[in-house]
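Spelled out from the first residue to the last, the chains are:
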Amino acid sequence: MSVPTPHITAKEGDFARTVLMPGDPLRSRFIAETYLDNPVLVNNTRGVQGYTGTYKGKRVSVMASGMGIPSIGIYSYELFSFYGVENIIRVGTAGGIADTVHIRDVVFGMSAYTNSNFGRQYGFDGNVAPCCSFKLLDAAVRAARGMGIEPNVGAIYSSDIFYDESGSAKVMKKLGVLATEMEAAGLYLNAARLGKNALAICTISDHLFTGESLSAEERQTTFTQMMEIALEIA
Ligand code: HPA
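Here goes a summary of the coordinates provided.

Procedures and definitions
Residues numbered from 1 in each chain as written. Predicted model: local features only at pLDDT ≥ 70, side-chain atom pairs only at ≥ 80, totals over all residues. Heavy atoms only, no water. Salt bridge = Lys/Arg side-chain N within 4 Å of Asp/Glu carboxyl O. Helix = DSSP H or I, 4+ residues; strand = E, 2+ residues; numbered from the N terminus. Buried < 20%, exposed > 50% of the residue type's maximum accessible area, 1.4 Å probe, protein only. Core = buried A, V, L, I, M, F, W, Y, C linked by side-chain atoms within 4.5 Å. Contact = heavy atoms within 4.5 Å. Expected span 1.5 Å × (residues − 1). Near = heavy atom within 4 Å. Polar contact = N/O pair within 3.5 Å; in protein donor to acceptor, adjacent residues only side chain to side chain. Areas by Shrake-Rupley, 256 points an atom, 1.4 Å probe, with all protein chains shown as cover. Nonpolar A, V, L, I, M, F, W, Y, C, P; charged D, E, K, R; others polar. Axes fitted to C-alpha atoms, helices over the stretch in contact; angles between N-to-C directions. Parallel < 35°, antiparallel > 145°, perpendicular 65-115°, else oblique. Left-handed = near helix turned anticlockwise from the far one by under 90°.

The subject of this paragraph is the pattern of salt bridges. Where charged atoms from two side chains of opposite charge come close, those side chains can pair. This model, assessed by the stated rule, comprises nine salt bridges. Linking Glu86 and Lys196 is a salt bridge whose minimum nitrogen-to-oxygen distance equals 3.0 Å. Linking Glu86 in the loop between helix H2 (69–82) and strand E5 (87–96) with Lys196 in the loop between helix H5 (184–194) and strand E9 (197–207), this pair joins segments that are 110 residues apart in sequence. Among the salt bridges present, the one from Glu183 reaches Arg90, with a minimum N-O distance of 3.0 Å. On the criterion of sequence distance, the pair formed by Glu183 in the loop between strand E8 (179–181) and H5 and Arg90 in strand E5 is long-range, its members being 93 residues apart. Since its relative accessible area comes to 5%, Glu183 is described here as buried. One network of salt bridges, in which partners are shared, links Arg90, Glu181 and Glu183.

Now for the nonpolar core. Of all hydrophobic cores here, the largest spans 70 residues; its most connected members are Phe15, Leu79 and Ile201. Per-element accounting of this core gives the leading share, seven residues, to helix H6 (residues 216–233). Look past the residues within four positions of Leu79 in its chain and what remains in contact with it is Ile8, Phe15, Val19, Met21, Met63, Gly84, Val85 and Ile88. Core analysis: the second largest hydrophobic core is formed by five residues, Ala155, Tyr157, Met172 and Val177 among them.

What follows covers H2. Here H2 spans 19 Å end to end across 14 residues, near enough to the 20 Å set by a 1.5 Å rise per residue. Burial runs high along H2: 10 of the 14 residues are buried. Those residues of H2 not exposed but buried are Ile69, Ser71, Ile72, Gly73, Tyr75, Ser76, Glu78, Leu79, Phe80 and Phe82. Two residues or fewer past H2, Gly84 is found with a positive phi of approximately 70°.

We now examine H5. By the criterion of burial, H5 is predominantly enclosed, with eight of the 11 residues buried. Listed in full, the buried residues belonging to H5 are Ala184, Ala185, Gly186, Leu187, Tyr188, Leu189, Asn190 and Ala191. Those residues of H5 that are buried lie in contact with H2, E5, strand E6 (106–114), strand E7 (152–158), E8 and E9. Backbone geometry just downstream of H5 places Gly195 in the positive-phi region, at approximately 70°.

Close to the ligand lie Thr93, Ala94, Gly95, Phe162, Thr180, Glu181, Met182, Ser205, Asp206 and Leu208. In the environment of the ligand, a nitrogen atom lies 3.2 Å from a nitrogen or oxygen atom belonging to the backbone of Gly95. The side chain of Asp206 places a nitrogen or oxygen atom 2.9 Å from a nitrogen atom of the ligand. Within the complex, the protein chains bury 85% of what would otherwise be the 260 Å² of accessible surface of the ligand. Top contributing element to the shell around the ligand by residue count: E5, with three residues. Its residues assigned to classes, the shell around the ligand comprises four nonpolar, four polar and two charged.

The interhelical angle for the contact between H2 and H5, taken along N-to-C directions, is 30°, at an axis separation of 8 Å. Judged by the angle between their axes, H2 and H5 are roughly parallel. Between H2 and H5 the crossing geometry is right-handed. Residues Ile69, Ile72, Gly73, Ser76, Tyr77, Phe80 and Ser81 of H2 touch H5, and the partners they reach there are Ala185, Gly186, Leu187, Asn190, Ala191 and Leu194. Each residue belonging to the contact of H2 with H5 can be placed in one class, and the counts come to eight nonpolar, five polar and no charged.

Note that all results are geometric; they support no functional claim without further evidence.
Encoded structure:
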């Protein structure tokens, strides 16, 4: 296959080597307009806005993933395989699971447990918890500490089910998982399979066990820390 792909109408060379990936297309536009110099819209198929510009002189792209592993699975596969993208950094919110994480905290997903069948395609007959790129994780930890932020680093849980009746979050809590979101495991599996680099940087927007949650306004300010870490390592 070549470009354009079924889901991305950008031309060859339109994306930088590093793509920041929020879930929400409007957030993609917000990031491009707020942080990038000279952002150019390179994709708008299905309203999944993708931009390329520069940050402190570095060429960086931002494109939305949509929600869930099927969606990030498509976009990350096409960016890695057909647009020469080397690094994808997911920037999103997550629900807290561990007692040690609180709303506004920044969590780096070292590995991603999942209830998704995405990894079955490779024919491995067991359980896989894909992990992030150590290079990106190491850079992100250093960048965060440089900003006076101590990140929570550990396993996260990429669930296919937002309204979940199974009680899986309790099991994850017992196993020391920090937080839940819906995309990292698909992104990490594609990166592993394709020899690329991925990291999920999350802000805790709500907590599944304490019931704490952020207001829309608070989400915006804490989002800034996560974004600045991602841009620093891009
Ligand atoms: N579950 C899944 N994804 C999320 C959550 C959650 O509780 N909070 C923010 N993203």
